[in-house]
Amino acid sequence: MTEMLAADGKPFKLIELNNAHGMRVLLTDWGATWLACSVPVREQQREVLLRADNPQVHCAQGAYLGASVGRYANRIAHAQFTLNDRTFTLDANQDGKHQLHGGSQGFNHKRWQVLEQSESAVTFALTSSDGDQGFPGEVQSQALFALSDDNALRICYSAVASADTPLNLTCHPYFNLDGIRSGRDVLDHSLHIAASHYLPVDSEGIPQGELKAVAGTGFDFKQPKTIGQDFMRDEDQKATRGYDHAFLFDEQNSKKVQVRLISSQADLGLAITTNQAAIQVYTGNFLQGTLNSQGGAYANQAGVALETEALPDTPNHPAWWRYGGMSQKDVRYCNDTVFTFYTP
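Residues numbered from 1 in each chain as written. Predicted model: local features only at pLDDT ≥ 70, side-chain atom pairs only at ≥ 80, totals over all residues. Heavy atoms only, no water.

J.: Just checking my understanding: could you explain the overall build of the chain for this structure?
T.: What the chain contains, in helices and strands, is 2 helices and 27 strands. Scaling as 2.2 N^0.38, a compact globule of 344 residues should have a C-alpha radius of gyration of about 20 Å, and the chain matches this with 19 Å. In terms of overall dimensions, the chain has C-alpha extents of about 60 × 50 × 35 Å along its principal axes. Considering only residue pairs separated by 6 or more positions, the chain has 64% of its internal contacts joining residues 24 or more positions apart. (Helix = DSSP H or I, 4+ residues; strand = E, 2+ residues; numbered from the N terminus. Rg over C-alpha atoms; globule rule 2.2 N^0.38 Å. Contact = heavy atoms within 4.5 Å.)

Pasting the structure below:
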């Protein structure tokens, strides 16, 4: 069998985490990527994370399936920002105009070092040099993936920078709780978000104006409803061909379940707790053609990405800095998020 090599010409390191109930999580050191997630449902294993059939194909796709993204998740408008009276120009990897998920050589395109590993946890590390993708300061990052016996995967990103800099790390998993082999999209999944405001964006994903109340719009998930109930109802959705928006939580509370996703058959749920101020909800509006694990390709809405983070383009909006996304020199950054799978 031919050994699969990453973009640096070296083999992928694959790491499997297991718990006492049979849940399995597969990771790779390339991009600190969450490759697969198998959850026991009705005494059968169900793969709930969108993925390709091998890590080489998986990490070459452009949808960021399960990747650790940074330095700045989401978009920075016109690939530039001003900080401490200095303007920084970034790698413009979105249509040569904006920066998306940290640039063309962002954290998802780097090999992370394995610091510690056990049957149920692994810690990766990555150093980003001063000027990497245009950002100021050296950043030393770690990513902890820890699987508990209550079917919860904790993903904790921590980092320290040698200069003031934008910093917004997240994992980019796409979920389909019916199972990626079910043949169903996620529009019949039930979704609940404890958020009274969302951020309108244009067709390029760049924020347009201020946060907007969800009340009276298709963005109101304060009470659980199916993703498809109000899909494409609003002009703000039509601009992005579906949901691809940040929701600002009503309170920043890492002990409170902020998001719940439930399968169409109501036989599997996902609860998300986080210390982040917001979550990007992306309904896979441009997934079509992304290779899947069955030798074919995904369709649009095959999965929903749930990314805990700060608001997009925060470096250009000082009023949003209080929600995170801007790190001070030598002050530790932390994104601590837990994905708990359960029977509703």
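J.: Sorry if this is basic, but what is going on with the pattern of salt bridges here?
T.: Oppositely charged side chains are able to pair whenever their charged atoms sit close together. Per the counting criterion, the structure on display carries 15 salt bridges. Notably, a salt bridge pairs lysine 97 with glutamate 204, separated by 3.3 Å at the nearest N-O pair. With lysine 97 in the loop between strand 8 (86–89) and strand 9 (99–100) and glutamate 204 in the loop between strand 18 (195–198) and strand 19 (212–213), this pair connects stretches of sequence that are 107 residues apart. Given a relative accessible area of 36%, lysine 97 falls into the partly exposed group. Its relative accessible area of 26% is what places glutamate 204 among the partly exposed residues. (Salt bridge = Lys/Arg side-chain N within 4 Å of Asp/Glu carboxyl O. Buried < 20%, exposed > 50% of the residue type's maximum accessible area, 1.4 Å probe, protein only.)

J.: Sorry if this is basic, but what is going on with unusual backbone geometry here?
T.: In most cases, non-glycine residues show a negative phi, while peptide bonds are predominantly trans. Glycine 70 connects to arginine 71 through a cis peptide bond whose omega is 10°. In this structure, arginine 71 sits in the loop between strand 5 (67–69) and strand 6 (75–76). At glutamate 43, a residue that is not glycine, the phi angle is positive and equals roughly 65°. With respect to the helices and strands, the residue glutamate 43 is situated in the loop between strand 3 (33–41) and strand 4 (44–47). Of note in this structure, aspartate 313 is not a glycine but carries a positive phi near 60°. Tracing the sequence through the fold places aspartate 313 in the loop between strand 25 (304–309) and strand 26 (326–327). Judged by its relative accessible area of 3%, aspartate 313 is buried.

J.: How should I be thinking about the sheet that holds strand 22 (residues 259–262) in this particular structure?
T.: Within a sheet, neighbouring strands are paired by backbone hydrogen bonds and run either parallel or antiparallel to one another. Pairing in this open sheet of 9 strands is antiparallel, and the strands run 10-11-12-13-27-23-22-17-20 from one edge to the other. Of all the strands in the sheet, the pair left with one neighbour each is strand 10 (113–117) and strand 20 (225–226). Sheet topology places strand 22 next to strand 23 (residues 269–274); 4 bridges connect them, and they run antiparallel. Within strand 23, the residue paired with isoleucine 262 across the bridge is glycine 269. (Pairing = 2+ DSSP bridges.)

J.: Whenever I open this one, the sheet that holds strand 19 confuses me. Can you help?
T.: Strand order across the open sheet formed by 6 strands is 16-25-24-21-18-19, with antiparallel pairing between neighbours. Single-partner strands in this sheet number two, and they are strand 16 (174–175) and strand 19.

J.: Looking at this structure, how should I read the environment of lysine 238?
T.: Structurally, the position occupied by lysine 238 is in helix 2 (residues 235–238). Along the backbone, lysine 238 and serine 203 are 35 residues apart, and their C-alpha atoms lie at a distance of 8.4 Å. Not counting chain neighbours up to four residues away, the residues in contact with lysine 238 comprise Met232 and Arg233.

All we've got here are geometric facts, nothing functional implied.
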